[in-house]
Amino acid sequence: MVFEYIPQLVIVISLFVIIIIIARKVPKTAEVDESEIIKDKKKSEIKKIFVIIWESITKFYYKVFGKLKRKAKEVKDKARVVSEQDNEDELSRLAEDKIEVENIPQATADEVIDLLESASGFYGKGDFGKAEKIYIEIITKDKKNVRAYKGLGRIYKRQRNFIDAQSSFEQAVKINPEDQEAREQLGEVKNLIKK
């Protein structure tokens, strides 16, 4: 938290040092034969300049860094909303997966459901490496598990590994051509590859 203010502090200190250097370069205002009135007038002018510069610096600081803070907050909020939406989508897909695993033995079906829930949890936390390993483990137990292929595809898509994402979504569509989500994701990935 403290470290995010260090660049701002360095900028303010640097500007202050620049102001001091400029002030020293200003010709000496006090000459032996000048009157005290002229000296005071020049000093007040320099003070006014410093005040104007300081006000400009503070306005600039609040304008620039205020915008940056707001943007950073917006990005964090959007990332949180996307993550929450992914978790909700993942849970609804898990309910659909119970139907998919009816064709395999009950012990393995329960294991696959547990693995899908575990992979979903890791995906929701952003631990894509663990989620990927679990989805691959599911595929070794149930080679026709569309949910596992779609999970892998989403992981690869977020990692910008569009070739593997395309392969995963293609496999999901091959197993279940009626799966609308898999077809949409496949189309998106193909478009990303073309770019």
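Everything below is about the structure shown above.
The structure displayed is predicted, hence computed values, not measured ones. (Residues numbered from 1 in each chain as written. Predicted model: local features only at pLDDT ≥ 70, side-chain atom pairs only at ≥ 80, totals over all residues. Heavy atoms only, no water.)

**As for the packing of helix H5 (residues 146–158) against helix H7 (residues 180–194)**
Part 1 of the reasoning: Look at H5 against H7: their axes get within 11 Å of each other, and the N-to-C directions meet at 25 degrees. One finds that H5 runs roughly parallel with respect to H7. The chirality of how H5 crosses H7 is left-handed. In this structure, H5 uses Lys150, Arg154 and Lys157 to contact H7, whose residues at the interface are Glu181, Ala182, Gln185, Glu188, Val189 and Leu192.
Part 2 of the reasoning: The class makeup of the residues in the contact of H5 with H7 is 3 nonpolar, 1 polar and 5 charged. (Axes fitted to C-alpha atoms, helices over the stretch in contact; angles between N-to-C directions. Helix = DSSP H or I, 4+ residues; strand = E, 2+ residues; numbered from the N terminus. Parallel < 35°, antiparallel > 145°, perpendicular 65-115°, else oblique. Left-handed = near helix turned anticlockwise from the far one by under 90°. Contact = heavy atoms within 4.5 Å. Nonpolar A, V, L, I, M, F, W, Y, C, P; charged D, E, K, R; others polar.)

**Observations concerning H5**
Part 1 of the reasoning: Given a rise of 1.5 Å per residue, 13 residues ought to cover 18 Å, and the 18 Å separating the end C-alpha atoms of H5 matches this to within 8%.
Part 2 of the reasoning: A large share of H5 lies buried, amounting to 12 of its 13 residues.
Part 3 of the reasoning: Burial in H5 covers these residues: Val146, Arg147, Ala148, Tyr149, Lys150, Gly151, Leu152, Gly153, Arg154, Ile155, Tyr156 and Lys157.
Part 4 of the reasoning: Two to three positions downstream of the cap, the backbone nitrogen of Arg147 sits 3.1 Å from a side-chain oxygen, assigning the N-cap of H5 to Asn145.
Part 5 of the reasoning: Where H5 terminates, the next one or two residues include Arg160, which has phi positive at roughly 65 degrees. (Expected span 1.5 Å × (residues − 1). Buried < 20%, exposed > 50% of the residue type's maximum accessible area, 1.4 Å probe, protein only. Polar contact = N/O pair within 3.5 Å; in protein donor to acceptor, adjacent residues only side chain to side chain.)

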